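Tertiary structure, described
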Amino acid sequence: MLVMFPFVAALLLTGLANSQGSGVVNPYSNPASGYVFSYDLNQPGPTMTCNGYSNTTGTPFQQNTQWSLIDSTGTIQTIVSSSIFALSQEPSPVGGVGQTNLTLLNVTNTLDGATISCGIFVLGVLRQIASFTVKIYRAPVLKTVGTVNGLKDGSVTFQIRDALSPPPYPTPTLTITGNGTLVLAQIKYNHPNLTLSGLTEANSGSYVLTAENFRLNGMFLGASNGTFTLNVQSAPVITAGRSQVAAVQGQPFPVSLQCGTNLRGNPFPTVQWKSSNGTVVTSGGRYSMDNGPSNVQLNLSNVDWNSNGTWMCILSNGILSSLVVNISLFVLVPPSPPRNVTNGLLTLTNPKSQVSVSWQVPISRGVPPLSVYRVAAVSARDPMNHTTSWPANQTFAIIDMLKAGLNYTIMVYAVSIIGTTEAVSSPSDMVILSTAPDVPTVICSPLAASLGTVSVSWVISYDGGRPVTAIRIGYTQAGTGGIGFADTQAVVSPDATSAIIMQQFLATSSYAFQVNVTNEVGTSTSLCGQVTISEGIPPTPKLYPTFTYGAKSVALMLSAPSSGARTTGSFAFTVVSSDPYVNQSFPFPSYVSGTKVTLMVTGLQDGVTYLFSVYASNVYGISDPAGIKVPPKSQNGSSTGPIAGGVLGAIVGLLVVAIVIVVVVLLLHRRG
């Protein structure tokens, strides 16, 4: 039985000029936890020595050791001398220290990531006493990639280096430049793949990715550029327009169905429209389209009831599913016109003649249904509006206030909240039978009663549908029971509107005047009531005894007449002197009844005494004169005196009579 003594083994590294690495030898470590040494490809590596004690039987240590290679797939191989490895041994005495050496002659790709270990057989079992891992320095090598498509809000992975090439070591650092908004936070490099995540439409663009790495001692190892174009695709998106649209059948302008605004998507979406019956709509004829990014709209002309329903706007670009926008079109339909309109005369009482109108309901009551019927009677000679509305469930109407003798066109309309139909007329115009003229409105007033003149005027509102052929005016004196209207009729022109009657009417008497208007149908009569004839002339004006001289003139002062029945209105004045002759007018309507008046009489001669007569006149006539005697102008330029013509004559007459009486009495006294 072999008795194994305890042993100690160590892994010593010599000739490490080309190696990079560090660590502590752990004889019983797992290979994955040992040294990591990095080397350049196709270059020689160091010599490694594994030391240990021999056993008590004197078996050399080196005969109890073994070098092993565990490749990247986990396969274990015993290392023997080859073009890659060189083995050498140094014997040890029994119970002494011995060693075995392993030299890397050429670092090849097969060693990349492999683990090399040194083990000792103890009681027939290989015990690993030391290990290290080989890593080969590799500079990054990136390639040019074409267009890479990714989805918005998603990620995309693509190869940035050939899949069969070994990965770079150490892990490179990355930088990226381009005309999009992609940033390093969105990039993950896992040889040979590059993953881009959190994509947005703004990330689209062309990019240059730069990778570079360094040896473990900090020395630059290598760098490489890879290029790619990122195209971030997105499903169609649009800001939707109105989902419900109303139109009127027959409207003169197109109805617009707006799918929406701000259309987006990559690739840019195509637009397809389908009508309410599922038919694909193309531009042309009744249809025109706007399919730009700012507005997507279908314009539909000549809408009718068949256009009702849901229209579809389909947006697609091959990314995910199509976007469908539904728009409901509701077409309002006006009612069709009423049918078979007839009419007939009901009553004939000018000006309130009535006609009846009937009709049949329209073929279509419309959508929404009609609300009322509108019935109108129209005549070119009647300015009055004869239009009335009737309930939608009624098919007859009565129109009144129509004038006789006129032709009326009877028209019926169907009306709904969206409009009015065309008018439907009766087959022929309705002719209202003629009547006598309307009763005239008469106004009478005396003009100048002293001459027996009265003004009569009248207004005929309607001639009854036939021309006026005669107008007769008569009068009668109230309370006499004698002369009648027929005895005093005067005929005037049929188109006259006033007349002046001159018949020497008696003062303080009342008269009634009658106007008769005649056409071929009959005569209408109207009275203007009682016209009272007052005093025939205005009163005599009142002169004041004071007057004022001027240069060849004199100012007479008086009051316009203010009592009597004929003092209403304004007055004119006339001043007359017989010798020397003066005749001066102060015309109407300068002076009002009851006011003080100053009349400046001019053209007088110096040193002459004048006897003036003053007359007042108005619409009723000329008054009796008032007289005043004006002596020659005194030195102080004025003169006053009670020189009224009638009074002065009476005083002079009385003085003469008194003198004569005195003389006669004296003579008789002497004789006696």
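Below: a short report on this structure. (Residues numbered from 1 in each chain as written. Predicted model: local features only at pLDDT ≥ 70, side-chain atom pairs only at ≥ 80, totals over all residues. Heavy atoms only, no water.)

1. Quick look at the sheet that holds strand S20 (residues 280–281)
Sheet strands line up and pair through hydrogen bonds in the backbone, either parallel or antiparallel. With mixed pairing, the 5 strands of this open sheet are ordered in space as S17-S24-S23-S19-S20. Each having just a single partner strand, strand S17 (244–248) and S20 make up the two edges of the open sheet. Pairing of S17 with strand S24 (residues 323–332) involves 5 bridges; the strand directions are parallel. Residue pairing across strands places glutamine 244 opposite serine 328, the latter belonging to S24. (Pairing = 2+ DSSP bridges. Helix = DSSP H or I, 4+ residues; strand = E, 2+ residues; numbered from the N terminus.)

2. Side note on the packing of aromatic side chains
Within the structure shown, the criterion is met by 10 aromatic pairs. For the pair tyrosine 475 and tyrosine 511, a centre-to-centre distance of 6.1 Å together with 70° between the ring planes defines the contact as edge-to-face. Pair noted here: tyrosine 475 is in strand S36 (residues 470–477) and tyrosine 511 is in strand S39 (residues 509–518), with a separation of 36 residues, a long-range link. Exposure remark for tyrosine 475: the relative accessible area of 13% places this residue in the buried category. Residue classification places tyrosine 511 among the buried positions, given a relative accessible area of 5%. Three or more aromatic residues joined by ring pairs make a cluster, and in this case those are Phe158, Tyr207 and Phe228. The lysine or arginine in question, lysine 135, covers the ring of tyrosine 169, its NZ or CZ lying 4.9 Å from the ring centre. Above the plane of the ring of tyrosine 137 lies arginine 215, whose end atom (NZ or CZ) is 5.5 Å from the centre. (Phe/Tyr/Trp six-rings, centres within 6.5 Å; stacked < 30°, edge-to-face > 60°. Buried < 20%, exposed > 50% of the residue type's maximum accessible area, 1.4 Å probe, protein only. Lys NZ or Arg CZ within 6 Å of the ring centre and 35° of its normal.)

3. What to know about the pairing of strand S16 (residues 220–240)
Every regular strand shows the same layout, with side chains that alternate between the two sheet faces. Examined bridge by bridge, strand S10 (residues 147–151) and S16 share 5 bridges and lie parallel to one another. Of the residues in S16, the one forming a bridge with glycine 150 is valine 232. As judged from the 10 bridges shared by strand S15 (residues 205–214) and S16, these two strands associate in the antiparallel manner. Across the sheet, residue asparagine 213 finds its bridge partner in S16, namely glycine 222.

4. Considerations on empty space enclosed by the protein
By rolling a water-sized probe across the atoms, one finds the places where empty space is left. Throughout the structure, instances matching the rule amount to 2 cavities of 30 Å³ or more. Lining the largest cavity are 14 residues, and of these Tyr549, Leu604, Gln605, Asp606 and Lys633 lie nearest its centre. For the lining of the largest cavity, the class distribution of residues is 7 nonpolar, 4 polar and 3 charged. (1 Å grid on protein atoms, 1.4 Å probe; cavity = no way out; pocket = protein on both sides within 12 Å on 5 of 7 lines; lining within 4 Å. Points joined across faces, edges and corners; volume = space filled by probe spheres on them. Nonpolar A, V, L, I, M, F, W, Y, C, P; charged D, E, K, R; others polar.)

5. Observations concerning unusual backbone geometry
The amide bond that connects tyrosine 169 to the next residue, proline 170, takes the cis arrangement and shows omega of -10°. Assignment of secondary structure puts proline 170 in the loop between strand S11 (156–159) and strand S12 (173–178). Positioned with a positive phi, asparagine 42 is a non-glycine residue whose angle comes to about 65°. Tracing the backbone shows asparagine 42 in the loop between strand S2 (35–40) and strand S3 (47–53). One non-glycine residue with positive phi stands out, namely methionine 401, at about 60°. Secondary-structure assignment places methionine 401 in strand S29 (residues 396–402).

6. Notes on the pattern of salt bridges
Where charged atoms of side chains with opposite charge meet at close range, the side chains can pair. Applying the stated criterion to the full structure yields 6 salt bridges. Of the charged contacts, one joins aspartate 112 and arginine 138 as a salt bridge, the two residues approaching to 3.2 Å between their closest N and O atoms. Of this pair, aspartate 112 sits in the loop between strand S7 (97–104) and strand S8 (115–122) while arginine 138 sits in the loop between strand S9 (125–137) and S10, and the two are 26 residues apart along the sequence. Across this residue pair, the class does not change: aspartate 112 and arginine 138 are buried. Of the charged contacts, one joins lysine 143 and aspartate 162 as a salt bridge, the two residues approaching to 3.7 Å between their closest N and O atoms. On the criterion of sequence distance, the pair formed by lysine 143 in the loop between S9 and S10 and aspartate 162 in the loop between S11 and S12 is long-range, its members being 19 residues apart. Take lysine 143: its relative accessible area is 29%, and that puts it in the partly exposed class. Under the relative-accessibility criterion, aspartate 162 is labelled partly exposed at 47%. (Salt bridge = Lys/Arg side-chain N within 4 Å of Asp/Glu carboxyl O.)

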